[in-house]
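Coordinates in review
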Amino acid sequence: MNIPKVGFVSLGCPKATVDSEHILTRLRAEGYLISDTYKDADLVVVNTCGFIDSAVEESLDAIGEALAENGRVIVTGCLGAKGDVVKLAHPKVLAVTGPHATDEVMEAVHLHLPKPHDPYTDLVPPQGIRLTPKHYAYLKISEGCNHRCTFCIIPSLRGDLVSRPVGDVMTEAQNLVNAGVKELLVISQDTSAYGVDVKYRTGFWGGRPLKTRMTELAAALGTLGVWVRMHYVYPYPHVDELIPLMAEGKILPYLDIPFQHANQRILKLMKRPGNSDNVLARIKKWREICPELTLRSTFIVGFPGETEEEFEELLDFIEEAQLDRVGAFAYSPVDGAAANELPDPVPPEVQQERLARLMWLQEEISEEKLKLKIGKTMTVLVDEVDEEGAISRSFADAPEIDGQVYINEGQHLKVGDMVDVVITDSDTHDLWGELV
Ligand code: SF4
């Protein structure tokens, strides 16, 4: 077996030496060999110093030497944190990170020199063990939530928001794509809050700086060449930034954005943001920028104290917003939720009646919207194949929760195929198509 070899040049103070030790330890633990010559190395890591001018010069010279002798160089250390100094002097370096960045250096190494695979010790493939089919995967970007919606106990179960380092998220996404995944479903408790807890810290991916922030992450995921679908997007103002990425085809024009209600008083009782006029104006604007946009949302009916008028305001909103997909639930108290203390619970039979009215209205909307797709050509991703044909999804359908596109003549297709179909029929939730 050809074991990959990494050359290492360590410059600078004892803190830099410790950083080098950490990187070397990880490299050896993962099975890389350390080469003491440029010639034998598959790539070289240079840990730099940027403290005084002479140290900068020494570091730049060391990088130049490694490039001349080997050609494939990853730079880390203090000089890497000094803006574009390294890239300006040596544009050919593969990646640049700041100091104390073992994870980012390892990401860059993995990207340019894949880790040796040992079937006897590598029990887990790089993309990890997945419960989803091979062609799509959930990408969890954070854990916990900083909000305190009164009907929800997630923050008390999972704590406040903790965002995963953006480089880790991107490496996982890249590994998934390398393993054949064609659709990444970005999930969290609150996707739009990504990075708030780390003050949108700049991380690194592929040697480039990348902010720990939803829009920047979505744009980076959009470069991987697969479908990227955004879920659980809390309706913050900066969600607007995603819409141009959708219009440009970088991520799917699909937004799962839970509004929960439309009446201001109920939203306040829920401790949720929003004002239905604003939301409607935003939706209108989004559709102007990206006419294909598919909107999915969830609502709670029969929240404590909800009056008939307030519920009707929600129905008016649903009618006006013309959302593509809607999930609705009758409020039910969860042990420990603040909303349990609110007065005037809505009787269960009224809750169920309101739920049925809302779903009935939404079914009408959905049916009309799906009818408009007849005659259109859509790219679909095949989820299942049997003797009756294939079951697939378009950009407008998330797995498990949205509709499907049935292809009657699709028996010869394979799960994970992406094909174009012309839509021939529709019902309340699903479409039928013929291969083109
Ligand atoms: S409903 Fe969502 S946003 Fe609200 S507290 Fe729960 S997890 Fe957070």
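Scroll up for the structure.
Now for a quick tour of the structure.

**Some words on the site of the ligand**
- Close to the ligand lie Cys145, His147, Cys149, Phe151, Cys152, Ile154, Pro155, Gln189, Tyr234 and Arg272, which account for all nearby residues.
- Given that more than half its atoms are within 2 Å of the pocket grid, the ligand belongs to the largest pocket.
- Taken together, the residues that form the shell around the ligand break down as seven nonpolar, two polar and one charged.

**Focus on the pairing of strand S9 (residues 183–187)**
- Most of S9 is tucked away, with five of its five residues classed as buried.
- Every second residue of S9 is oriented toward a common face, with Glu183, Leu185 and Ile187 on one face and Leu184 and Val186 on the other, all of them buried.
- Here five bridges tie strand S6 (residues 136–140) to S9, and the two strands are oriented parallel to one another. Residue pairing across strands places Ala137 opposite Leu184, the latter belonging to S9.
- With four bridges joining them, S9 and strand S12 (residues 227–230) adopt parallel strand pairing. Residue Val186 lies in a different strand from S12, and its bridge partner there is Met230.

**Description of the sheet that holds strand S16 (residues 377–386)**
- Spatially, five strands are ordered S16-S17-S18-S20-S19 in a closed barrel, and the strand pairing comes out mixed. Recorded for the sheet is a direction-independent mean angle of 50 degrees between the axes of neighbouring strands.
- Pairing of strand S19 (residues 418–426) with strand S20 (residues 431–435) involves five bridges; the strand directions are antiparallel. When the bridges of S20 are listed, Ser426 appears paired with Leu431.

**Details of the side chain of Asp256**
- Looking at where Asp256 falls in the secondary structure, it is placed in strand S13 (residues 254–256).
- Despite its burial, Asp256 pairs with no opposite charge; the closest candidate is Arg296, at 5.2 Å N-O.
- Polar contacts involving the side chain of Asp256 include one to the side chain of His231, which spans 2.9 Å.
- If sequence neighbours within four positions are ignored, Asp256 has contacts with Met230, His231, Tyr232, Val233 and Arg296.

**Side note on the sheet that holds strand S4 (residues 73–77)**
- Taken together, five strands build an open sheet; the order of strands is S2-S1-S3-S4-S5 and the sheet is parallel. For this open sheet the edge positions go to strand S2 (33–35) and strand S5 (95–96), each flanked by a neighbour on one side alone.
- Contacts from helix H2 (residues 53–69) reach strand S1 (5–10), strand S3 (43–48) and S4, with the element oriented near 180 degrees to S3.

**As for a negative patch on the surface**
- On the surface, Asp277, Glu313, Asp316, Glu319, Glu320, Glu363, Glu364, Glu367, Asp425 and Asp427 cluster together into a negatively charged patch.
- With four residues, the single largest contributor to the negative patch is helix H11 (residues 308–321).
- When you line up the elements, Glu364 lands in helix H12 (residues 348–371).

**Description of the packing of helix H10 (residues 276–289) against H11**
- Between H10 and H11, the least distance of the axes is 11 Å, while the angle of their chain directions is 10 degrees. Classed by the angle they form, the pair H10 and H11 counts as roughly parallel. The segment H10 lies against H11, with Ser276, Val279, Leu280, Ile283 and Arg287 engaging Glu313, Phe317, Glu320 and Ala321.

**Regarding the pattern of salt bridges**
- Counting across every chain of the model gives 26 salt bridges.
- As a salt-bridge pair, Lys39 and Asp40 come within 3.8 Å of each other at their nearest N and O atoms.
- The class for Lys39 is exposed, based on a relative accessible area of 72%.
- Between Asp402 and Arg296 there is a salt bridge, and its shortest N-O distance comes to 2.8 Å.

**Thoughts on helix H7 (residues 214–221)**
- Taken across its eight residues, H7 has six buried, putting it largely inside the fold.
- Looking only at H7, the buried set comprises Met214, Thr215, Leu217, Ala218, Ala220 and Leu221.
- Against the buried residues of H7 lie S6, helix H6 (166–178), S9, strand S11 (208–211), S12 and helix H8 (242–247).

**Quick notes on the side chain of Ser426**
- The topology assignment puts Ser426 in strand S19.
- Given the relative accessible area of 16%, Ser426 is considered buried.
- Once residues within four sequence positions are removed from consideration, Ser426 is found in contact with Leu370, Lys371, Ile374, Leu431 and Trp432.

Criteria and cut-off values
Residues numbered from 1 in each chain as written. Predicted model: local features only at pLDDT ≥ 70, side-chain atom pairs only at ≥ 80, totals over all residues. Heavy atoms only, no water. Near = heavy atom within 4 Å. 1 Å grid on protein atoms, 1.4 Å probe; cavity = no way out; pocket = protein on both sides within 12 Å on 5 of 7 lines; lining within 4 Å. Sits in = over half its atoms within 2 Å of the grid points. Nonpolar A, V, L, I, M, F, W, Y, C, P; charged D, E, K, R; others polar. Buried < 20%, exposed > 50% of the residue type's maximum accessible area, 1.4 Å probe, protein only. Helix = DSSP H or I, 4+ residues; strand = E, 2+ residues; numbered from the N terminus. Pairing = 2+ DSSP bridges. Axes fitted to C-alpha atoms, helices over the stretch in contact; angles between N-to-C directions. Lys, Arg positive; Asp, Glu negative; His and termini not counted. Salt bridge = Lys/Arg side-chain N within 4 Å of Asp/Glu carboxyl O. Polar contact = N/O pair within 3.5 Å; in protein donor to acceptor, adjacent residues only side chain to side chain. Contact = heavy atoms within 4.5 Å. Patch = residues over 30% accessible without salt bridge, like charges linked within 9 Å, V, L, I, M, F, W, Y side chains within 5 Å. Areas by Shrake-Rupley, 256 points an atom, 1.4 Å probe, with all protein chains shown as cover. Charge placed at Lys NZ, Arg CZ, Asp CG, Glu CD. Parallel < 35°, antiparallel > 145°, perpendicular 65-115°, else oblique.

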